[in-house]
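Close look at the chain arrangement
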Amino acid sequence: MTDVKRVPLLDLTRIEPAMTEQLEHAFRRVLSSGHYILGKEVEAFERECADYVGCRHAIAVSSGTDALLVALMALGVGPGDEVVCPTYSFFATAGVVWRLGARPVFVDSRARCFNMDPEKLARALTPRTKAVMPVHLFGQCADMTHICEIAKSRGVPVVEDAAQALGAEHEGRRAGTFGVLGCFSFFPSKNLGALGDAGLVTTNDADLAETVRVLRVHGGKPKYHHAMVGGNFRIDELQAALLRVKLPHLDAATARRSANADYYTRELVGRGVARLCADEPRCGATCRARGANAGASGDIVLPNPCGGRHVTNQFVVAISGEGRRDRVRRFLSDRGIGTEIYYPIPLHLQRCFSELGHAVGDYPVAERLAAESLALPIFPELRRDELDHVVSSLAEAMSASRP
Ligand SMILES: *Cc1c(COP(=O)(O)O)cnc(C)c1O
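Once a new chain begins, its residue numbering starts again from 1 and follows that chain's sequence as written. With pLDDT at 70 or above as the cut-off, local features in this predicted model cover only qualifying residues; side-chain atom pairs require 80 or more to be listed or tallied, and sums for whole chains, interfaces and linings still use all residues. Computation of side-chain values: all heavy atoms of the structure, hydrogens and water removed.

Let's talk about the overall build of the chain
Working definition: helices are DSSP H or I runs of at least four residues, strands are E runs of at least two. Numbering for both runs from the N terminus. Looking only at helices and strands, one finds eleven helices and 13 strands in the chain. By the compact-globule yardstick of 22 Å for 403 residues, the chain fits well, its C-alpha radius of gyration being 21 Å. Seen along its three principal axes, the alpha-carbon backbone of the chain occupies a region of about 65 × 55 × 40 Å. The burial tally for the chain puts 56% of its 403 residues in the buried class. Each charge class in the chain was averaged separately, 48 positive and 47 negative side chains, and the resulting centres sit 1 Å apart. What the globule rule says is 2.2 Å times the number of residues to the power 0.38, and the radius of gyration is computed from C-alpha atoms. Think of it in three bands: with a 1.4 Å probe and only protein chains considered, a residue is buried below 20% of the maximum accessible area for its type, exposed above 50%, and partly exposed in between. We count Lys and Arg on the positive side and Asp and Glu on the negative side, and we leave His and both chain ends out. Here the site of a charge means atom NZ of a Lys, CZ of an Arg, CG of an Asp or CD of a Glu.

Now the structure itself:
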């Protein structure tokens, strides 16, 4: 290869010296405290998260998956129940439903924003539906206005899988405040990443908050007295202390992610390599939020956010044509560019759910997205020359792979 520049999908080692110092300071503070699980750091972090999200209660837990699990446990989800969720998501969304003995009922997505299609939600609801669990995929809120309206009309609670969307907004409200419960992940690749596993549950309901707190420690209240069965969903003081250092820098980092996304959009559309997804005509003028030309003719289809605050946890494009996405991916890999496929198999086609009886063709939009999607490097610390390398390599890859 003529160009040996490497652009990783994500590089977590690019930490500013000032931040490193603060993290080391937080580490020493916890080390000398002698208190390592559920303490003052966790309490302070929970208050700071509640402020940031704009909700009354925040309960920090062991991971994003455990946040989802404990949220569904707090609602009493169990055998015989159904939980409605998108099929185009990370595995944990449906995995937690299954683990509780309940049945995940899938809904197809909208190609434009990758999120649950509210128009297909109503027909997924049955008398057994215990919760609706939209996912704010890649950092953009699902259409919570319509999803909440439909769920409310059927008396079903909404639990948000906001794992990728801390700080995302829909009509001026933040992810994690629409449902009765919101679930976040601080997995290192998320916008606010711990130095290990961590998660958070948000709610405005004091009773649910208390239930989640009790479930977090095996359901014991007082200690060793169990009216319910919970689990070990505790979070370390260390992770809370480290996350407290990073939280005040989150908005600046998110702004850099968005600037990177805008740069890709401008450059790729400008070179005639990409166009914005125009799958849903009723979306109208707001679709051109990024100022790019919706009528452009490039082969790469870019996500087309319809207003709201997209926190760009991932920048995922779609490349159609038999095998073309994979050829482009290999080309980029040869140029030292890291990419990923989020997600190659929609949940309804996962082998572990085969007894649900789904077949190829059941959720065509999700299946198409799984075949066409490609995540490009978008992390905040990317340099301009790296973005340019991705743009020019992608342009080359597209002509090299022209059918
Ligand atoms: C990351 C993620 C989770 C799980 O979070 P962990 O902290 O990794 O357990 C759940 N749902 C979605 C959509 C995610 O992206």
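With respect to the site of the ligand
Here a residue is near a molecule or strand as soon as one of its heavy atoms is found within 4 Å of it. In the vicinity of the ligand, 15 residues are found, and the nearest of them are G64, T65, Q164, S185 and K190. Under the rule applied, a polar contact is a pair of N or O atoms within 3.5 Å (in protein, one hydrogen donor and one hydrogen acceptor; residues adjacent in sequence only if both atoms are side-chain atoms). Measuring from a nitrogen atom of the ligand, one finds a side-chain N or O atom of D161 at 2.8 Å. Those elements that place two or more of their residues in the shell around the ligand are α3 (64-74) and α4 (92-99). Sorting elements by how many residues they give to the shell around the ligand places α3 first, with three residues.

Focus on the domain arrangement of the chain
Throughout, the edges of the domains are those of an automatic or database domain assignment. Assigned domains within the chain: domain 1 (17-249) and domain 2 (250-400). With centres defined by C-alpha atoms, the gap from domain 1 to domain 2 works out at 25 Å. By buried area we mean how much accessible surface two parts lose on assembly, using a 1.4 Å probe and totalling the loss over both. Looking at the side of domain 1 facing domain 2, the largest losses of area belong to R112, F138 and N191, adding up to 22% of the total buried there. Counting across the interface, domain 1 meets domain 2 through 24 residue pairs in polar contact (both at pLDDT 80 or more). Taken together, the elements giving at least two residues each to the side of domain 1 that touches domain 2 come down to α4 and β3 (103-107). With four residues, the top contributor of residues to the side of domain 1 that touches domain 2 is β3. Charged residues are taken to be Asp, Glu, Lys and Arg, nonpolar residues to be Ala, Val, Leu, Ile, Met, Phe, Trp, Tyr, Cys and Pro, and polar residues to be all remaining types, Gly included. For the side of domain 1 that touches domain 2, the class distribution of residues is 20 nonpolar, eleven polar and ten charged.

Considering the packing of α3 against helix α6 (residues 206-216)
A fitted line through C-alpha atoms represents every axis, and for helices the fit uses only the stretch in contact; the resulting angles, taken between N-to-C directions, go from 0 to 180 degrees. Interhelical geometry of α3 versus α6 gives an angle of 120° and a closest axis separation of 9 Å. On the basis of the axis angle, α3 is oblique to α6. Our pair here, α3 against α6, has a crossing hand that is right-handed. On α6, the residues that touch V70, M73 and A74 of α3 are L208, T211, V212 and L215. Considering only residue class, the contact of α3 with α6 consists of six nonpolar, one polar and no charged. What sets the label is the angle itself: under 35 degrees gives roughly parallel, over 145 gives roughly antiparallel, 65 to 115 gives roughly perpendicular, and the rest give oblique. Each crossing is labelled by how the near helix is turned from the far one, with a counterclockwise turn of less than a right angle marking it left-handed and a clockwise turn marking it right-handed. Whether two residues touch is decided by their heavy atoms; if any such pair falls within 4.5 Å, the residues are in contact.

Examining the side chain of T93
Within the secondary structure, T93 sits in helix α4. The buried category is assigned to T93, whose relative accessible area is 0%. A polar atom in the side chain of T93 sits 3.2 Å from the backbone oxygen of F90. Those residues in contact with T93, other than ones at most four positions away along the chain, are L68, C85, M133, V135 and D161.

Here's the deal with the environment of R29
Tracing the backbone shows R29 in helix α1 (residues 17-33). Using a relative accessible area of 33% as the deciding quantity, one classes R29 as partly exposed. Taking the C-alpha atoms as reference, R29 lies 17 Å from A18; in sequence the two are eleven residues apart.

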